[in-house]
Structure formats: C-alpha cells, structure tokens
Amino acid sequence: MALTVSERLGYDIKATEIAFMTAKTEALRSMGLTVAQYAALLALRDNPGISGAGIARACLVTPQASAATLKTLEAKGLVVREQDDWNRNSRPNRLSEEGQRLIDLADSAAGAIEQRMYDALTPADRDTLRRLLNQCRAAVAAKS
C-alpha cells in the first residue's frame, strides 16, 4: 500500500530542514558566510588542526566539498592551512585571528536559531525527537 502525500514523513522533515537552513542562511549572509562555510569554521573552532577530511566528516559533506569550502575560507583569510612535513597528504587547518572573530559572531547569530528550536521543546521532547530521528535514519539505511 502506497503512502499518500499527507502521510509521507519526508515532506515534514524536508520542510523543517528548509526553514532551518533558510533562517541560518539569512543570519549568516550579512557576515559574508554561507552555511557550509560556517559549519567548517565551527568544526575548526572546536577541533584546531583538523584535516580537510575531518572537516568533511564533521560537516556531513564530501571531501571534495570540504576542500572547496576550505579553499574559499583560506582565500578570505579566515583559515590557515599548514603544511605537514611528515605527511604531505595532510594539511592541518586552523582559524586565523579574523576567522576566530568571525566564527564567534556567526555562532552567536546561528546559535540563536538553534536556541529557538531548543526552547520550543521540553527536555523530554528533545530526547524523543532525537530518538525518532535516529529510528528514521536506521530505517532508511536498512536494506529491504
């Protein structure tokens, strides 16, 4: 039996994601950042020296997308990509002083959006939402 459009959970998940990402995009636009750039800066703030592959994993993007984002952030002077003389395939990354300043501002703006969602739910609701989203991810990943 096929689900009707109104029964499909994917629509609700996607509509929530779009509302969330639109709000973050608007909050970050005045700072000259995209959501992807913000996520990479946040990963770097929390994990100084992280590699591009590590940033990709932390941001749930491909290594190629991470590399492009890092290149842009480096060109903006927000990220310093260092050469590792022991491992030429690894380029540890860190925030520049300007990158640190900007991520603090950006996280204040983007964090306010996260806080609104957080405050809209009780602690039990948040736990239930996380549990249900994990169940959805597991169901999608399961092979028929």
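Look up a bit, the structure's there.
Owing to the predicted nature of the structure, the values given are computational and were not obtained by experimental measurement.

Undergrad: It is not clear to me how helix H4 (residues 63–75) should be interpreted in this structure. Could you clarify?
TA: Structural remark: α-helix, 3.6 residues per turn; residues separated by three or four positions point the same way. Taking 1.5 Å as the rise per residue, H4 with 13 residues should run 18 Å; its terminal C-alpha atoms sit 18 Å apart, in good agreement. Where H4 is concerned, the buried positions are Ser66, Thr69, Leu70 and Leu73. The buried residues of H4 all sit within an arc of 100° when viewed along its axis, so they share a single face. Facing away from the buried side of H4 by more than 90 degrees, the exposed set consists of Gln64, Lys71 and Ala75. Tucked inside the fold, the buried residues of H4 contact helix H2 (35–46), helix H3 (52–59), strand S1 (79–81) and strand S2 (93–95).

Undergrad: What should I look at first to understand the packing of helix H1 (residues 9–29) against helix H5 (residues 97–119) in this one?
TA: Between two packed helices, what matters for the description is the angle formed by their axes and the separation of those axes. Relative to each other, H1 and H5 sit at 155°, their axes nearing to 9 Å. Between H1 and H5, the interaxial angle falls into the category roughly antiparallel. Viewed along their axes, H1 and H5 form a crossing whose handedness is right-handed. In contact with Phe20, Ala23, Lys24, Ala27 and Leu28 of H1, H5 contributes Ala106, Ala109, Ala110, Ile113, Glu114 and Met117. In terms of residue class, the contact of H1 with H5 is made up of nine nonpolar, no polar and two charged.

What counts as what
- Residue positions within a chain follow its written sequence, with the count starting from 1.
- pLDDT decides what is reported in this predicted model: residues at 70 or higher carry local features, side-chain atom pairs at 80 or more are listed and counted, and totals for whole chains, interfaces and linings draw on all residues regardless.
- To get the side-chain values, take all heavy atoms of the structure and skip hydrogens and water.
- Numbered from the N terminus, helices here are DSSP runs of H or I no shorter than four residues, and strands are runs of E no shorter than two.
- Expected helix span is taken as 1.5 Å per residue step, with the number of steps being one fewer than the number of residues.
- Buried, partly exposed and exposed residues are distinguished by accessible area as a fraction of the type maximum, computed with a 1.4 Å probe on protein chains only: under 20%, between the cut-offs, and over 50%, respectively.
- To obtain the arc, one takes the directions from the helix axis to the C-beta atoms.
- Here, two residues are considered to be in contact whenever any of their heavy atoms come within 4.5 Å of each other.
- Where helices are involved, their axes are fitted lines through C-alpha atoms of the stretch in contact, as for all axes, and angles between N-to-C directions lie from 0 to 180°.
- Reported orientations rely on four angle classes, namely roughly parallel under 35 degrees, roughly antiparallel over 145, roughly perpendicular from 65 to 115, and oblique for the rest.
- Two helices that cross are described as forming a left-handed crossing if the nearer one is turned anticlockwise from the farther one by less than a right angle, and a right-handed crossing if clockwise.
- Side-chain classes are defined by residue name, with Ala, Val, Leu, Ile, Met, Phe, Trp, Tyr, Cys and Pro counting as nonpolar, Asp, Glu, Lys and Arg as charged, and the others, Gly among them, as polar.

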